[in-house]
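# Reading the structure
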Amino acid sequence: MLPSLPTALITEILAAPPAFHDSGQQEACERLVDELSEEDQEVAAETSYAYWVASVSDKDCLSPDVRKRMVLKEALRHYVGEGQDYDKALISLQGAIDYRKEYKTNLFRTCLLDDFPYDNEEDAKLAAHYRQLIESDLPKQFIVIRGKDKEDHPIVLVSTRSTPDTDDEAYVMTRLHAVERVVAVAETVSRGKLEKVVTVLDFGDYKSGHSPPYNAIKQVVVLLQRKYPERLKRLIILDPPLWMRGLFFVIRPFLDPDTREKVFLVRGLDKKIEMFSGMIDKEQATSTLLPDGELTAPVDIQRYMHSVPFHCLYDDDGSQSQPTAQG
């Protein structure tokens, strides 16, 4: 089974230009791309889910110009993430490419598919290993992309952990799979125009004894910060425990302004309504976010893993993946 997207949708996504703020950004990113080898440019381009899908099932959509456009987008994320420091951006970009090669991150896109035709036995075995880890960990703590805000940023809903039983590798790999999935959804939902997501951590049923090991959490945070820069629109923490609220207000003055503006601690129904009513239409909200949210069906995590397409929101039947009208 090969992943697929409508050809017109792939073309639309791959035609979306990088969001340079000025000519200086563009010139810097052009230089960054020129410093990469041909192989590494291809790896960077495959950060785009649509580009990768085209590379395995619709090669007529690809061209040198398309590849460069996708590499420029990845370069821009690292350049902005490193405060437009060219040398730091180059190190960051090369590090992300090396990470994608080491972890073979494209396998996160295929490991839950049945009968994907892997190029070699090594990839097939690693994909099967990833699948086993994800299937064992995701039911313990749901990470589901469900709904979108009024600007078309996908919403990632993360539940509290239901058990103290945690395998560190399964915990880390499940979250890397989740971020690859949300990158694909963000690109598809916005037709390549938006890259950031809203993440909601729900601590309503939090039990401290169920917290995963600190080292596993730290590994995930470091990988997400360094290998997936400029992907977070907002981080909203629902009903945080007292210790978390105290810690946040202690460290808040020391955070850079950009980070401070992205993180919100929300406690109680009135504050949830205040936070989400202007951000999300009720048709795109669960009742956890808005009391009149219309996404009310319980999450079936087995369906999410094995039936919902990798690039789709939880409640999307696939029809939202059709291309927009042209002209």
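Thresholds applied
Residues numbered from 1 in each chain as written. Predicted model: local features only at pLDDT ≥ 70, side-chain atom pairs only at ≥ 80, totals over all residues. Heavy atoms only, no water. Axes fitted to C-alpha atoms, helices over the stretch in contact; angles between N-to-C directions. Helix = DSSP H or I, 4+ residues; strand = E, 2+ residues; numbered from the N terminus. Parallel < 35°, antiparallel > 145°, perpendicular 65-115°, else oblique. Left-handed = near helix turned anticlockwise from the far one by under 90°. Contact = heavy atoms within 4.5 Å. Nonpolar A, V, L, I, M, F, W, Y, C, P; charged D, E, K, R; others polar. Patch = residues over 30% accessible without salt bridge, like charges linked within 9 Å, V, L, I, M, F, W, Y side chains within 5 Å. Areas by Shrake-Rupley, 256 points an atom, 1.4 Å probe, with all protein chains shown as cover. Salt bridge = Lys/Arg side-chain N within 4 Å of Asp/Glu carboxyl O. Buried < 20%, exposed > 50% of the residue type's maximum accessible area, 1.4 Å probe, protein only. Polar contact = N/O pair within 3.5 Å; in protein donor to acceptor, adjacent residues only side chain to side chain. Pairing = 2+ DSSP bridges.

## Describing the packing of helix H1 (residues 7-15) against helix H4 (residues 49-57)
Contact pair H1 / H4: the axes reach a minimum separation of 9 Å and the direction vectors enclose 130°. Looking at the two axes, H1 sits oblique to H4. You can see that H1 and H4 cross each other, and the crossing is left-handed. When H1 is examined against H4, the residues Ile10, Ile13 and Leu14 are found in contact with a partner set consisting of Ala50, Tyr51, Val53 and Ala54. Per-class residue counts for the contact of H1 with H4 are 7 nonpolar, no polar and no charged.

## A few points about a nonpolar patch on the surface
Nonpolar side chains collect at one region of the surface, where Trp243, Leu247, Val250 and Ile251 lie side by side and expose about 390 Å² of accessible area between them. Tracing the sequence through the fold places Leu247 in helix H11 (residues 242-251).

## Re unusual backbone geometry
The phi torsion at Gln84 lies on the positive side, around 60°, for a residue other than glycine. Looking at the secondary structure, you find Gln84 in the loop between helix H5 (64-81) and helix H6 (86-103). With a relative accessible area of 41%, Gln84 lands in the partly exposed category. Non-glycine residue Asp239 carries a positive phi angle of around 50°. Summarising the element assignment, Asp239 is placed in the loop between strand S4 (232-238) and H11.

## Observations regarding H4
Across the 9 residues of H4, 7 count as buried, placing the element largely inside the fold. Restricting attention to buried positions, one finds in H4 the residues Tyr49, Ala50, Tyr51, Trp52, Val53, Ala54 and Ser55. If you follow the buried residues of H4, they end up packed against H1, helix H3 (38-45), H5, helix H7 (106-110) and helix H9 (168-189). The N-cap of H4, judged by a side-chain oxygen 3.4 Å from the amide nitrogen of Ala50 a few residues on, is Ser48.

## What to know about the sheet that holds strand S5 (residues 263-266)
What the 5 strands build is an open sheet, ordered S1-S2-S3-S4-S5; its pairing is mixed. Both edges of this open sheet fall to strand S1 (143-148) and S5, since each of them pairs with a single strand only. Along the sheet, successive strands turn relative to each other by an average axial angle of 25°, direction set aside. Here S1 runs beside strand S2 (residues 154-158); their pairing, made up of 4 bridges, is antiparallel. For Lys148, the partnering residue across the bridge sits in S2 and is Pro154.

## Focus on the packing of helix H2 (residues 23-34) against H6
Running from N to C, H2 and H6 cross one another at 45°; their axes reach a closest spacing of 11 Å. As summarised for this structure, H2 and H6 are arranged oblique, according to the angle between their axes. For the element pair H2 and H6, the recorded crossing hand is right-handed. Each of Ala28, Arg31 and Leu32 in H2 lies in contact with H6, whose residues at this interface are Tyr86, Ala89, Leu90 and Leu93.

## So, the pattern of salt bridges
Within the structure shown, the criterion is met by 24 salt bridges. Of the charged contacts in the structure, one is a salt bridge between Glu180 and Arg109, with a shortest N-O distance of 3.6 Å. In this pair, Glu180 sits in helix H9 while Arg109 sits in helix H7, placing the two residues 71 residues apart along the sequence. As far as burial versus exposure is concerned, Glu180 and Arg109 are alike and both buried. Asp114 is paired through a salt bridge with Arg131; the nearest N and O atoms lie 3.0 Å apart. With Asp114 in the loop between H7 and helix H8 (121-137) and Arg131 in helix H8, this residue pair connects regions lying 17 residues apart in the sequence. Look at Asp114 and you get partly exposed, because its relative accessible area is 43%. Through salt bridges with shared partners, one network takes in Glu38, Glu42 and Arg67.

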